[in-house]
Amino acid sequence: MTTLTDTGSFTAQLRAQSRRYHDQHPFHVKMNEGRLSRRQIRGWVANRFYYQANIPRKDAAILANCPDRGVRRRWVLRVLDHDGTAGDEGGIGAWLRLAEAVGLAREEVLDERHLVPGVRFAVDAYVNFARTRPWVEAVASSLTELFAPDLMADRLAAFERRYPWIDRDGLGYFRSRLAQAPRDAEHALQVVTEHCRSADEQARAVAALSFKCEVLWSILDAIDQAFPDSGDAGTL
(Lines give C-alpha, C1' and ligand atoms only; values in the text may rest on other atoms or scores of the structure.)
Protein backbone atom coordinates (compact mmCIF):
# COMPACT_ATOMS: atom_id res chain seq x y z
CA MET A 1 0.00 0.00 0.00
CA THR A 2 1.42 3.38 -1.00
CA THR A 3 0.89 6.09 1.61
CA LEU A 4 0.25 9.58 0.26
CA THR A 5 1.09 12.74 2.16
CA ASP A 6 -0.24 15.34 -0.26
CA THR A 7 -4.02 15.48 -0.04
CA GLY A 8 -4.40 18.44 -2.39
CA SER A 9 -5.15 16.40 -5.50
CA PHE A 10 -7.46 14.13 -3.49
CA THR A 11 -9.47 17.08 -2.21
CA ALA A 12 -9.61 18.46 -5.76
CA GLN A 13 -11.03 15.14 -7.02
CA LEU A 14 -13.71 15.24 -4.34
CA ARG A 15 -14.65 18.82 -5.12
CA ALA A 16 -14.72 18.02 -8.83
CA GLN A 17 -17.77 15.84 -8.20
CA SER A 18 -19.74 19.09 -8.01
CA ARG A 19 -20.04 18.74 -11.80
CA ARG A 20 -22.31 15.75 -11.12
CA TYR A 21 -24.39 17.43 -8.42
CA HIS A 22 -28.16 17.52 -8.74
CA ASP A 23 -28.36 21.31 -8.93
CA GLN A 24 -27.64 20.79 -12.65
CA HIS A 25 -30.58 18.42 -13.14
CA PRO A 26 -33.21 19.90 -15.52
CA PHE A 27 -35.92 19.62 -12.86
CA HIS A 28 -33.79 21.52 -10.36
CA VAL A 29 -32.88 24.16 -12.93
CA LYS A 30 -36.56 24.71 -13.70
CA MET A 31 -37.33 24.93 -9.98
CA ASN A 32 -34.78 27.69 -9.43
CA GLU A 33 -36.01 29.51 -12.50
CA GLY A 34 -39.57 29.52 -11.16
CA ARG A 35 -40.88 27.29 -13.96
CA LEU A 36 -42.45 24.52 -11.86
CA SER A 37 -46.18 24.29 -11.29
CA ARG A 38 -47.68 24.05 -7.82
CA ARG A 39 -48.25 20.36 -8.42
CA GLN A 40 -44.60 19.83 -9.31
CA ILE A 41 -43.39 21.74 -6.26
CA ARG A 42 -45.68 19.71 -4.03
CA GLY A 43 -44.54 16.49 -5.67
CA TRP A 44 -40.92 17.42 -5.02
CA VAL A 45 -41.58 18.36 -1.40
CA ALA A 46 -43.58 15.18 -0.69
CA ASN A 47 -40.95 12.92 -2.24
CA ARG A 48 -37.91 14.73 -0.92
CA PHE A 49 -39.35 14.19 2.57
CA TYR A 50 -38.52 10.49 2.26
CA TYR A 51 -34.88 11.45 1.77
CA GLN A 52 -34.97 13.92 4.66
CA ALA A 53 -36.58 11.38 6.99
CA ASN A 54 -33.88 8.82 6.18
CA ILE A 55 -30.88 11.09 6.71
CA PRO A 56 -30.68 10.33 10.46
CA ARG A 57 -30.95 6.61 9.71
CA LYS A 58 -28.00 6.96 7.35
CA ASP A 59 -26.05 8.87 9.96
CA ALA A 60 -26.96 6.34 12.65
CA ALA A 61 -25.53 3.61 10.41
CA ILE A 62 -22.26 5.52 10.18
CA LEU A 63 -22.22 5.89 13.96
CA ALA A 64 -22.82 2.18 14.41
CA ASN A 65 -19.87 1.29 12.16
CA CYS A 66 -17.44 3.97 13.32
CA PRO A 67 -14.85 2.89 15.93
CA ASP A 68 -13.54 6.43 16.46
CA ARG A 69 -15.11 8.02 19.55
CA GLY A 70 -14.04 11.51 18.54
CA VAL A 71 -15.76 11.20 15.16
CA ARG A 72 -18.89 9.76 16.78
CA ARG A 73 -19.15 12.63 19.26
CA ARG A 74 -19.36 15.13 16.43
CA TRP A 75 -21.25 13.01 13.93
CA VAL A 76 -24.16 12.45 16.33
CA LEU A 77 -25.01 16.15 15.96
CA ARG A 78 -26.29 15.33 12.48
CA VAL A 79 -28.88 12.95 13.89
CA LEU A 80 -30.02 15.57 16.39
CA ASP A 81 -30.14 18.24 13.68
CA HIS A 82 -32.66 16.20 11.72
CA ASP A 83 -34.58 14.32 14.41
CA GLY A 84 -34.63 17.30 16.75
CA THR A 85 -34.45 17.51 20.51
CA ALA A 86 -36.77 18.66 23.28
CA GLY A 87 -38.07 22.04 22.18
CA ASP A 88 -36.51 21.74 18.70
CA GLU A 89 -38.44 20.16 15.84
CA GLY A 90 -35.27 19.45 13.86
CA GLY A 91 -34.92 19.25 10.10
CA ILE A 92 -37.66 16.67 9.70
CA GLY A 93 -40.16 18.88 11.50
CA ALA A 94 -39.00 21.88 9.47
CA TRP A 95 -39.58 19.95 6.25
CA LEU A 96 -43.10 19.11 7.37
CA ARG A 97 -43.68 22.83 7.87
CA LEU A 98 -42.44 23.34 4.31
CA ALA A 99 -44.99 20.74 3.19
CA GLU A 100 -47.75 22.73 4.86
CA ALA A 101 -46.41 25.94 3.34
CA VAL A 102 -46.85 24.51 -0.18
CA GLY A 103 -50.35 23.26 0.56
CA LEU A 104 -49.83 19.67 1.68
CA ALA A 105 -51.23 18.15 4.86
CA ARG A 106 -48.66 16.55 7.14
CA GLU A 107 -50.61 13.29 7.06
CA GLU A 108 -50.31 12.88 3.29
CA VAL A 109 -46.56 13.37 3.50
CA LEU A 110 -46.05 11.09 6.50
CA ASP A 111 -48.13 8.24 5.07
CA GLU A 112 -46.09 8.32 1.83
CA ARG A 113 -49.12 8.26 -0.44
CA HIS A 114 -47.29 10.44 -2.99
CA LEU A 115 -43.96 8.62 -2.75
CA VAL A 116 -42.61 7.54 -6.14
CA PRO A 117 -41.06 4.03 -6.28
CA GLY A 118 -37.88 5.32 -7.87
CA VAL A 119 -37.35 7.76 -5.02
CA ARG A 120 -37.85 5.03 -2.44
CA PHE A 121 -35.39 2.78 -4.27
CA ALA A 122 -32.69 5.46 -4.52
CA VAL A 123 -32.98 6.56 -0.89
CA ASP A 124 -33.05 2.99 0.41
CA ALA A 125 -29.94 2.25 -1.65
CA TYR A 126 -28.17 5.16 0.02
CA VAL A 127 -29.10 4.02 3.54
CA ASN A 128 -28.00 0.48 2.66
CA PHE A 129 -24.69 1.84 1.35
CA ALA A 130 -24.05 3.54 4.70
CA ARG A 131 -24.90 0.36 6.56
CA THR A 132 -22.79 -2.04 4.53
CA ARG A 133 -19.77 -0.11 3.27
CA PRO A 134 -16.75 0.84 5.40
CA TRP A 135 -17.68 3.79 7.57
CA VAL A 136 -15.12 6.15 6.00
CA GLU A 137 -16.67 5.54 2.56
CA ALA A 138 -20.08 6.32 4.02
CA VAL A 139 -18.67 9.55 5.43
CA ALA A 140 -17.22 10.37 2.00
CA SER A 141 -20.63 9.88 0.42
CA SER A 142 -21.98 12.68 2.60
CA LEU A 143 -19.56 15.17 1.09
CA THR A 144 -22.21 16.47 -1.28
CA GLU A 145 -22.52 18.97 1.59
CA LEU A 146 -19.43 20.61 0.09
CA PHE A 147 -21.71 21.79 -2.70
CA ALA A 148 -24.85 22.37 -0.60
CA PRO A 149 -24.44 25.89 0.86
CA ASP A 150 -24.56 27.62 -2.52
CA LEU A 151 -27.40 25.37 -3.64
CA MET A 152 -29.37 26.09 -0.47
CA ALA A 153 -28.88 29.84 -0.76
CA ASP A 154 -29.98 29.77 -4.41
CA ARG A 155 -32.97 27.58 -3.57
CA LEU A 156 -34.07 29.87 -0.74
CA ALA A 157 -33.78 32.94 -2.96
CA ALA A 158 -35.70 31.22 -5.75
CA PHE A 159 -38.54 30.15 -3.46
CA GLU A 160 -38.81 33.63 -1.97
CA ARG A 161 -38.74 35.46 -5.30
CA ARG A 162 -40.39 33.10 -7.76
CA TYR A 163 -43.03 31.26 -5.74
CA PRO A 164 -44.91 33.98 -3.83
CA TRP A 165 -47.74 31.55 -3.05
CA ILE A 166 -45.48 29.61 -0.66
CA ASP A 167 -45.75 30.71 2.98
CA ARG A 168 -42.34 32.19 3.89
CA ASP A 169 -42.58 30.79 7.42
CA GLY A 170 -42.20 27.34 5.89
CA LEU A 171 -38.72 27.99 4.48
CA GLY A 172 -36.91 27.52 7.77
CA TYR A 173 -35.26 24.26 6.72
CA PHE A 174 -33.34 25.99 3.95
CA ARG A 175 -32.24 28.78 6.29
CA SER A 176 -30.95 26.37 8.92
CA ARG A 177 -28.88 24.42 6.40
CA LEU A 178 -26.99 27.57 5.40
CA ALA A 179 -25.05 27.19 8.66
CA GLN A 180 -25.27 23.44 9.22
CA ALA A 181 -24.04 22.28 5.81
CA PRO A 182 -20.66 24.10 5.90
CA ARG A 183 -20.04 22.84 9.45
CA ASP A 184 -20.86 19.27 8.49
CA ALA A 185 -18.86 19.42 5.25
CA GLU A 186 -15.78 20.72 7.04
CA HIS A 187 -15.87 17.89 9.56
CA ALA A 188 -16.55 15.17 6.95
CA LEU A 189 -13.75 16.43 4.70
CA GLN A 190 -11.38 16.42 7.67
CA VAL A 191 -12.32 12.83 8.51
CA VAL A 192 -11.97 11.60 4.94
CA THR A 193 -8.63 13.27 4.27
CA GLU A 194 -7.21 11.98 7.56
CA HIS A 195 -8.33 8.38 7.05
CA CYS A 196 -7.88 7.98 3.30
CA ARG A 197 -4.14 7.97 2.81
CA SER A 198 -3.56 5.40 0.10
CA ALA A 199 -4.47 5.71 -3.57
CA ASP A 200 -7.01 2.89 -3.22
CA GLU A 201 -8.67 4.47 -0.20
CA GLN A 202 -8.90 7.80 -1.93
CA ALA A 203 -10.34 6.25 -5.07
CA ARG A 204 -13.01 4.50 -3.03
CA ALA A 205 -13.88 7.77 -1.29
CA VAL A 206 -14.29 9.56 -4.63
CA ALA A 207 -16.42 6.66 -5.89
CA ALA A 208 -18.60 6.91 -2.78
CA LEU A 209 -19.20 10.60 -3.38
CA SER A 210 -19.94 9.89 -7.03
CA PHE A 211 -22.49 7.28 -5.94
CA LYS A 212 -24.21 9.81 -3.68
CA CYS A 213 -24.43 12.28 -6.57
CA GLU A 214 -26.07 9.53 -8.63
CA VAL A 215 -28.57 8.88 -5.83
CA LEU A 216 -29.60 12.53 -5.75
CA TRP A 217 -29.80 12.67 -9.55
CA SER A 218 -31.93 9.51 -9.62
CA ILE A 219 -34.32 11.01 -7.09
CA LEU A 220 -34.93 13.98 -9.38
CA ASP A 221 -35.24 11.71 -12.42
CA ALA A 222 -38.04 9.82 -10.67
CA ILE A 223 -39.81 12.98 -9.51
CA ASP A 224 -39.50 14.60 -12.93
CA GLN A 225 -41.08 11.58 -14.59
CA ALA A 226 -43.88 11.30 -12.04
CA PHE A 227 -44.81 14.99 -12.14
CA PRO A 228 -44.46 16.19 -15.73
CA ASP A 229 -44.97 19.78 -16.77
CA SER A 230 -48.74 19.67 -17.18
CA GLY A 231 -49.85 22.69 -15.23
CA ASP A 232 -51.64 21.95 -11.99
CA ALA A 233 -53.72 19.08 -13.35
CA GLY A 234 -53.92 15.86 -11.39
CA THR A 235 -53.53 15.03 -7.72
CA LEU A 236 -51.51 17.06 -5.22
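A brief look at the structure comes next. No experiment lies behind these values; they were computed from the predicted model shown.

Attention shifts here to the pattern of salt bridges. Counted under the stated rule, the structure contains 15 salt bridges. In this structure, aspartate 81 engages arginine 183 in a salt bridge whose closest nitrogen and oxygen atoms are separated by 2.3 Å. With aspartate 81 in helix H4 (residues 69-83) and arginine 183 in helix H10 (residues 172-195), the pair connects residues that are 102 residues apart, well separated along the chain. Look at aspartate 81 and you get buried, because its relative accessible area is 16%. For the salt bridge of glutamate 160 with arginine 175, the shortest nitrogen-to-oxygen distance reads 3.3 Å. Highlighted residues: glutamate 160 in helix H9 (residues 148-162) and arginine 175 in helix H10, separated in sequence by 15 residues. Of the residues examined, arginine 175 reaches a relative accessible area of 35% and is grouped as partly exposed. Within this structure, Arg78, Asp81, Glu145, Arg177, Arg183 and Asp184 form a network of salt bridges that share partners.

This part is about unusual backbone geometry. When glycine is set aside, most residues are seen to have a negative phi, and most peptide bonds are trans. For glutamate 112, which is not a glycine, the phi torsion comes out positive at approximately 65 degrees. Inspection of the secondary structure assignment puts glutamate 112 in the loop between helix H6 (106-110) and helix H7 (117-132). With a relative accessible area of 33%, glutamate 112 lands in the partly exposed category.

Time to look at the packing of aromatic side chains. Aromatic ring pairs are reported here in terms of the distance separating the ring centres and the angle at which the planes meet. One pass over the structure, following the stated rule, counts 10 aromatic pairs. Considering the side-chain rings of phenylalanine 129 and phenylalanine 211, the 4.7 Å spacing of their centres and the 25 degrees angle between planes classify their relative orientation as stacked. Within this pair, whereas phenylalanine 129 is found in helix H7, its partner phenylalanine 211 is found in helix H11 (residues 199-226), the two being separated by 82 residues in sequence. Taking the centre distance of 5.5 Å and the plane angle of 55 degrees together, the rings of phenylalanine 159 and tyrosine 163 count as tilted. One exposure class covers both phenylalanine 159 and tyrosine 163, and it is buried. Members of the aromatic cluster, each reached through a chain of ring pairs, are Trp44, Trp95, Phe159, Tyr163, Trp165, Tyr173 and Phe174. Note that arginine 78 overlies the ring of tryptophan 75, its terminal NZ or CZ placed 3.7 Å from the centroid. Between the NZ or CZ atom of arginine 120 and the centre of the ring of tyrosine 50, over which it lies, the distance is 5.3 Å.

Criteria and thresholds
- Residues numbered from 1 in each chain as written.
- Predicted model: local features only at pLDDT ≥ 70, side-chain atom pairs only at ≥ 80, totals over all residues.
- Heavy atoms only, no water.
- Salt bridge = Lys/Arg side-chain N within 4 Å of Asp/Glu carboxyl O.
- Helix = DSSP H or I, 4+ residues; strand = E, 2+ residues; numbered from the N terminus.
- Buried < 20%, exposed > 50% of the residue type's maximum accessible area, 1.4 Å probe, protein only.
- Phe/Tyr/Trp six-rings, centres within 6.5 Å; stacked < 30°, edge-to-face > 60°.
- Lys NZ or Arg CZ within 6 Å of the ring centre and 35° of its normal.

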